[in-house]
Amino acid sequence: MSDRSIIIATHDAGPSAAASTAPGAAKPPIRPRRRAWPTFNWRGLVAVVMFFLAWQLAVTFKAPGFHEIPGPITVVQTLVSDFLFTRSYWESWLISFKRVLLGFLFAQLLGVPLGLVLGSSRRFNRIVFPVFEMMRPIPPLAWVPLSILFWPTNEASIIFITFIGAFFIITINVYDGVRSIKQEHLWLAHSLGASQLTIFRRIVIPAVIPSIAVGMTLGIAVTWNVVIAAEMIASDSGLGRLTWEGYVSSTPPVVFVGMVSIGIAGALSTLLVDVIERRMMPWKRKR
Amino acid sequence: MRDMLDLNSAAAAGKPAAAGKVSIRNVSKIYDPEGARVVALDNFSVDFAPGDFLAIVGPSGCGKSTLLNILAGFDTLTSGEVYLDDKLLASVDRPLAPGPDRVVVFQQGALFPWKTVLDNVTYGLMKQGRTPRAEAEARGIEMLKASGGLDRIAKSFPSQLSSGMQRRVEIIRALINDPKVLLLDEPFRAMDTVNKVTMHRHLLDIFRISQKTIMFITHDLEEALFLADRVIVMTTRPGTVKLDIKVDLPRPRTREMMASDAYIALKERTVMAVREEAQKAFERGEKEMA
Ligand SMILES: Nc1ncnc2c1ncn2[C@@H]1O[C@H](COP(=O)(O)OP(=O)(O)OP(=O)(O)O)[C@@H](O)[C@H]1O
Ligand SMILES: [Mg+2]
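Residues numbered from 1 in each chain as written. Chains lettered and ligands numbered in written order. Predicted model: local features only at pLDDT ≥ 70, side-chain atom pairs only at ≥ 80, totals over all residues. Heavy atoms only, no water.

Asks: How would you explain the confidence of the model for chain B if you had to name every residue and give the values?
Replies: For chain B, the average pLDDT comes to 85, and 91% of its residues sit at 70 or higher. Prediction confidence for the complex, expressed as pTM and ipTM, is 0.79 and 0.85 respectively. (pLDDT = per-residue confidence, 0-100.)

Rendered as structure tokens:
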């Protein structure tokens, strides 16, 4: 996770970031900083155990509000006996993942080029940006009814809503990235003999990659948010639906199974995105 | 220091020393002529001979970067002409283009962070397309090595280097193109004194060996007097030449010279002019003083 904070920090610091790195420090070159092996965090472990213990106790002794809530043991039992080995549970995973990835992918495919053009063509920006800014504040879930009306299938409408969730974030980040490219980089490339096309391909795009990465990190988080809500409202499948059904059919342990599954799924996608981002920016890896 | 001598063969690389005579004639620059009309340069003229080390000192906002950007081809001029080796480089009707014969080193540093040191250094040679990669890389390594053994960081990324090393790499990235004139826009501004002293030594070595024409912009009068053959003090905006001083100190320059009578006399002559302009700039509410 620390990588992400680095990316975001660099992004926020803007054009002056490079200038402020290590003013005159006599750093030894290369020598990759050896990462200290994290010592075992036993306090954290105790806290986690305490959390589950408190939860179980609250349920056992029927603390206020906990009357219908299952304890962690029941949740695990339900997960193992009713879900882990059933086909339908894993299908829910697959369906939600598919929606997230498709929405995310389309958002990248459209958002990145759009952000690049918005940032580099003044005329295009003048025409398109107002429309873009008009739509951007509309929360993705507000698109649900329209989306269902518009798209022929339910599946398409859910993917579309997921797409909306990531699209604006990605586009705006890329756009911002283009605008904050150092003028000096463009000038220098020009001085040193690069053509306009090369400058776009070899200077603008790499310079924007950190912003694309920020958009990806934020985008993937939003897509999970959106897909779960959309499934609860408008779908009969997926992890969001599974959770909601636990509620509707008065089987509270299922609600927890759903929540835990969604949490794990979200964490997995974030990890995946982190790996991709690190590959996109080899020059940041060796910090 | 010993290594620096190798730079000779590296920089010259068989070619005859490029000339690098620069002539700036009555150059004016007005930003936003329709609206705010910021007169950045007003009738600025200076000539410098091939191999000159020219320093330009002036208060913040007096138009130093503007002048350098015009020379580099990043900005247009409103009136006047610029000649390079007696060829018209820029005038009002002649939109000028940046080129590898006038490469800039910027104050904030502008290495490409996504490229290794070596790829940064060879960028110009590769883009100009006249040099095969292997040869460009060999030249790059050679020049890095000659500049105090920087070849050992050839595969590092810029973010892994200290700002001093970054600046040295940038100077090499400019120098490898064999430019006619090297344009330095306050390259050591953000550095502390100790680093500055080291960088001055490196720069003077490079100047001695490569014999390039250098235009060096700075706030720092002492730095200018220590490095240059000639120091131009600019007036506050609109920038013109206030004082044009020949620095007669012998080369190689040493720190001890800064205690010599000649140096002190020079400083006394210049410092009042600089203070006066800084004071004017300050009174006008410019953000910094020289
Ligand atoms: N693109 C621009 N549009 C309008 N005014 C500008 C522009 N660029 C520079 N100026 C103004 O022109 C004047 C000269 O700017 P310039 O950057 O050349 O100053 P400088 O001497 O390099 O200052 P510093 O020491 O702070 O770098 C300043 O008053 C600045 O505000
Ligand atoms: Mg400046």
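Still more to cover.
Asks: Describe the pattern of salt bridges, with residues and values.
Replies: Tallied over the entire structure, the rule returns 24 salt bridges over all chains. Residues Arg-99 of chain A and Glu-231 of chain A are paired through a salt bridge, measuring 2.8 Å at the closest nitrogen-oxygen approach. Residue Arg-99 of chain A is found in helix α5 (residues 87-120), and its partner Glu-231 of chain A is found in helix α10 (residues 196-234); the two are separated by 132 residues along the sequence. Comparing Arg-99 of chain A with Glu-231 of chain A shows no difference in burial state: the two are buried. Residues Arg-230 of chain B and Asp-244 of chain B are paired through a salt bridge, measuring 2.8 Å at the closest nitrogen-oxygen approach. (Salt bridge = Lys/Arg side-chain N within 4 Å of Asp/Glu carboxyl O. Helix = DSSP H or I, 4+ residues; strand = E, 2+ residues; numbered from the N terminus. Buried < 20%, exposed > 50% of the residue type's maximum accessible area, 1.4 Å probe, protein only.)

Asks: I'd like a description of the site of ligand 1, backed by residues and values.
Replies: Residue and element names in this part refer to chain B. The immediate surroundings of ligand 1 are formed by 15 residues, with Ser-60, Gly-61, Lys-64, Ser-65 and Thr-66 found nearest. Between ligand 1 and the protein, one listed contact pairs an oxygen atom with a backbone N or O atom of Cys-62 at 3.2 Å. Take Glu-186: an N or O atom from its side chain is 3.3 Å from an oxygen atom of ligand 1. Listing elements by their share of the shell around ligand 1, those giving two or more residues are β2 (38-48) and α2 (64-72). (Near = heavy atom within 4 Å. Polar contact = N/O pair within 3.5 Å; in protein donor to acceptor, adjacent residues only side chain to side chain.)

Asks: Pulling in residues and values, what's your account of the pairing of strand β10 (residues 241-246) of chain B?
Replies: If a strand is regular, its side chains alternate between the two faces of the sheet. With five bridges connecting them, strand β9 (residues 230-234) of chain B and β10 of chain B associate as antiparallel partners. Paired with Ile-232 of chain B across the bridge in β10 of chain B is Asp-244 of chain B. (Pairing = 2+ DSSP bridges.)

Asks: Residues and numbers for the interface of chain A and chain B, please.
Replies: Chain A puts 30 residues into the contact, and the matching count from chain B is 36 residues. Summed over both sides, the interface of chain A with chain B buries roughly 3,000 Å², with 61% coming from carbon and sulfur. The tally of links from chain A across to chain B stands at zero salt bridges. In this structure, the connection of chain A to chain B is made through five residue pairs in polar contact (both at pLDDT 80 or more). Elements supplying a minimum of two residues to the side of chain A that touches chain B: α9 (183-191), α10 and α13 (282-285) of chain A. The element contributing the most residues to the side of chain A that touches chain B is α9 of chain A, with seven residues. (Contact = heavy atoms within 4.5 Å. Buried area = accessible area lost by both parts, 1.4 Å probe.)

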